[in-house]
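Letter by letter, the chains look like this.
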Amino acid sequence: MQPISRAILTKRNEQADEHDIQRFEDLLQEFDHAMLVSLAMDGTLHARPMAIAESDGATVRFVTSNRSAKTGEVEMDSRVSIVMQGGGAYLAISGTAAVIDDPERIKQLWQPAWEPWFPEGAGDPSLVLLEIDPERAEYWDRKGAHRLEYLWEAGKALATGRRITEESLSGHGKFVFS
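Residue positions are given per chain, counted from 1 along the sequence in the order it is written. For a predicted model such as this one, the threshold for reporting local features is a pLDDT of at least 70, and the threshold for listing and counting side-chain atom pairs is 80 or more; totals across whole chains, interfaces and linings nevertheless cover every residue. Side-chain measures here rest on the full set of heavy atoms in the structure, leaving out hydrogens and waters.

### Some remarks on the overall build of the protein
Applicable threshold: A run of DSSP states H or I qualifies as a helix once it reaches four residues; a run of E qualifies as a strand once it reaches two. Both are numbered from the N-terminal end. Working definition: with a 1.4 Å probe on protein chains only, accessible area under 20% of the residue-type maximum means buried, over 50% means exposed, and in between means partly exposed. By definition, residues are in contact when any of their heavy atoms lie within 4.5 Å. Methods summary: accessible areas were calculated by the Shrake-Rupley approach with a probe of 1.4 Å, and residue burial reflects only the protein chains presented.
Helices and strands together make up the secondary structure of the protein, namely 4 helices and 8 strands. Out of the 178 residues belonging to the protein, those deemed buried represent 43%. A separation threshold of at least 6 residues defines the contact pool for the protein, and within that pool the share at least 24 residues apart is 67%. Carbon and sulfur atoms provide 52% of the accessible area of the protein, an area that totals close to 9900 Å².

### Section: the packing of aromatic side chains
Selection criterion: Think of it this way: a Phe, Tyr or Trp ring, Trp meaning its six-membered ring, pairs with another when their centres are within 6.5 Å, and the plane angle makes it stacked under 30 degrees, edge-to-face over 60, tilted otherwise.
Counting across every chain of the model gives 4 aromatic pairs. Aromatic pair phenylalanine 24 and phenylalanine 175: ring centres 5.6 Å apart, planes at 80°, arrangement edge-to-face. Residue phenylalanine 24 is located in helix H1 (residues 18-29), and its partner phenylalanine 175 is located in strand E8 (residues 172-177); the two are separated by 151 residues in the primary sequence. Here tryptophan 110 and tryptophan 114 contribute two aromatic rings whose centre-to-centre distance is 5.6 Å and whose plane-to-plane angle is 90°, an arrangement assigned as edge-to-face. Accessibility expressed as a relative area gives 19% for tryptophan 110, which makes it buried. On the basis of relative accessibility, which here comes to 6%, the residue tryptophan 114 falls in the buried class.

### Examining the nonpolar core
Our working definition: Put simply, a nonpolar core is a bunch of buried Ala, Val, Leu, Ile, Met, Phe, Trp, Tyr and Cys residues held in one set by side-chain atoms that sit within 4.5 Å of each other.
Among the nonpolar cores identified, the biggest contains 25 residues, and Phe24, Leu36, Phe62, Ile82, Met84, Leu91 and Ile93 are the most heavily contacted of them. Mapped onto this core, the elements with two or more residues apiece are H1, strand E2 (33-39), strand E3 (45-56), strand E4 (59-65), strand E5 (79-86), strand E6 (89-100), strand E7 (127-141) and E8. Every residue in contact with methionine 84, bar those within four places of it in the chain, is listed here: Leu28, Phe31, His33, Ala34, Ile52, Ala89, Tyr90, Leu91 and Ile93. One finds Ala53, Leu109, Trp110 and Leu127 within the second-largest nonpolar core, a separate group that totals 10 residues.

### Here we look at the environment of alanine 92
Within the secondary structure, alanine 92 is located in strand E6. For alanine 92, the contacting residues outside a window of four places in its chain are Ile82, Val83, Arg136, Ala137, Glu138 and Trp140.

### Quick look at the confidence of the model for the protein
Put simply, the rule reads: Confidence of the predictor at the level of single residues is given by pLDDT, which spans 0 to 100.
Mean pLDDT over the protein: 84, with 79% of residues reaching 70 or higher. Here strand E1 (residues 8-9) is the element of the protein with the lowest mean pLDDT, 52, and E2 is the one with the highest, 97.

### Concerning the pattern of salt bridges
Any two side chains of opposite charge can pair if their charged atoms end up close together. What counts here: Throughout this description, the term salt bridge denotes a Lys or Arg side-chain nitrogen within 4 Å of a carboxyl oxygen of Asp or Glu.
Counted according to the given criterion, the structure contains 8 salt bridges. Arginine 48 is the salt-bridge partner of glutamate 73, the closest N and O atoms lying 2.8 Å from each other. You can see glutamate 73 sitting in helix H2 (residues 69-76) and its partner arginine 48 sitting in strand E3, a full 25 residues away along the chain. The buried category is assigned to arginine 48, whose relative accessible area is 10%. The closest approach of N and O atoms between arginine 79 and aspartate 77, which form a salt bridge, is 2.7 Å. By relative accessible area, which is 14% here, aspartate 77 ends up buried. Among the charged side chains, a salt-bridge network with shared partners connects Glu54, Asp56, Arg61, Arg105 and Glu131.

### Overview of the pairing of E6
Within a regular strand, the side chains alternate between the two sheet faces. So the rule is basically this: Note on pairing: DSSP must find at least two bridges between two strands before they are called paired.
Where E5 and E6 come together, 8 bridges link them in antiparallel fashion. By the bridge assignment, valine 83 is partnered in E6 with alanine 92. Between E5 and E6, which follow one another and run antiparallel, lie 2 residues, and glycine 87 among them has a positive phi close to 60°. By the bridge criterion, 12 bridges tie E6 to E7 in an arrangement that is antiparallel. Residue pairing for E7: isoleucine 93 is matched across the bridge by alanine 137.

In structure tokens, the structure reads:
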């Protein structure tokens, strides 16, 4: 994985520290599936689960068919969102999608688990990469010590009648990519 090389800003418009960036990258590597949301031809939002082929920094790539609805949707409107959740970790990335025809890269990324969707295998001429270039991202880490911190802060909020805030929790990061 290559590090995120672009400037990343936090919710307070300050340069993100290395810990925030590393935590985001580490959480992203934990996921092998995501929900991809695009704008359907009829103007509604269309969500579907996708196997993550590769993530590089904050860029995420999927393998799909150039005949799928999603390729037509992103060619019509490239704005997409991907959402991942599991084991107490949550990630959301919004950005733009591009359809990339790269048969050699697809062969390198090929996984046998994709064969039911693409019976012709990695050499299927309809296969393309769907690359998501992030504009915004957010993570919530509620695992391990972060979970204990969340429970403590939630208990304090309940006891005092005050609302818990994301700023009071260390397991949250919000980025804008420039």
